[in-house]
Amino acid sequence: MKKRIAVDMDEVLADFSGTSLKLMNEHVGTNFTKRDLEGKKIMDLFPNDLEYFFEKIQERDYFRTFPVIEGSQEVLHRLSEHYEIMIATAAMEVPNSFDAKYDWLREHFPFLNPSLFVFCGDKKVIHADYLIDDNITQLTSFTGRGVMFEAPNNVHVEYDVKMKNWAEVEHYFLKQLVE
């Protein structure tokens, strides 16, 4: 039986921070970059415009517009030959995102089994051997082996297994097959 890898969506497969940063820069007239986001969240850079931001992310198609994180498609496709891949996204925070996230996943990751897409809140409910996520809270509540995927919000967060990109993720999981 294949081991199971659960994969977060936002900041791991989909560029939430890049899209949100562009949206807010255009709205406010600023030029913040992802480097400005290191160790922060979008809300930290735009504290006076949170109402606008939360209104925009509630729009049904907002989560449909994200670019794919570089390397994620190719690596997950290769890993799916050796592991069962599931998607675990904390969509309960933005319930209007369900349809957009599902459609986005079907478009960009057509090789994944949609019956293994889980829209949840706390990922401790996920039954998997591994969880790839950018959120330390999700990783610490998960009961399997956590793998932190580096994103602007966690650049300064220490975690024992932390990956900077999808090439490192692939190397790590292929190595697990022989150990």
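Residues numbered from 1 in each chain as written. Predicted model: local features only at pLDDT ≥ 70, side-chain atom pairs only at ≥ 80, totals over all residues. Heavy atoms only, no water.

### Examining unusual backbone geometry
No. 1: A positive phi angle, near 80 degrees, is found at Glu11, a position not held by glycine.
No. 2: With respect to the helices and strands, the residue Glu11 is situated in the loop between β1 (4-7) and α1 (16-28). (Helix = DSSP H or I, 4+ residues; strand = E, 2+ residues; numbered from the N terminus.)

### Details of the environment of Phe98
No. 1: Within the secondary structure, Phe98 is located in helix α5 (residues 98-108).
No. 2: For Phe98, a relative accessible area of 29% gives the class partly exposed.
No. 3: In this structure the C-alpha to C-alpha distance between Phe98 and Arg60, which are 38 residues apart in sequence, comes to 8.3 Å.
No. 4: Residues within four places of Phe98 in sequence aside, it is in contact with Ala91, Met92 and Phe119. (Buried < 20%, exposed > 50% of the residue type's maximum accessible area, 1.4 Å probe, protein only. Contact = heavy atoms within 4.5 Å.)

### Description of the packing of α1 against helix α3 (residues 50-57)
Angle between the axes and distance between the axes are the two parameters that describe a pair of packed helices.
No. 1: It is the contact of α1 with α3, at a shortest axis distance of 11 Å, that shows an interaxial angle of 130 degrees. As far as their axial angle goes, α3 and α1 are oblique. Considering how the two elements wind past one another, α1 and α3 form a crossing that is right-handed. From α1, Phe16, Ser20, Leu23, Met24 and His27 reach across to α3, where they touch Tyr52, Phe53, Lys56 and Ile57. (Axes fitted to C-alpha atoms, helices over the stretch in contact; angles between N-to-C directions. Parallel < 35°, antiparallel > 145°, perpendicular 65-115°, else oblique. Left-handed = near helix turned anticlockwise from the far one by under 90°.)

### Comments concerning the layout of surface pockets
No. 1: The computed volume of the largest pocket comes to approximately 750 Å³.
No. 2: If you list the elements that add at least two residues to the lining of the largest pocket, you get α1, α2 (42-45), α3 and α6 (136-141).
No. 3: Broken down by class, the residue content of the lining of the largest pocket amounts to 15 nonpolar, nine polar and 10 charged.
No. 4: Counted as a void, the second largest pocket has a volume near 210 Å³.
No. 5: If you trace the second largest pocket, you find it lined by Glu11, Ser17, Lys34, Ile69, Glu70, Phe149, Glu150, Ala151, Pro152, Val155, Lys164 and Asn165.
No. 6: Taken together, the residues that form the lining of the second largest pocket break down as five nonpolar, two polar and five charged. (1 Å grid on protein atoms, 1.4 Å probe; cavity = no way out; pocket = protein on both sides within 12 Å on 5 of 7 lines; lining within 4 Å. Points joined across faces, edges and corners; volume = space filled by probe spheres on them. Nonpolar A, V, L, I, M, F, W, Y, C, P; charged D, E, K, R; others polar.)

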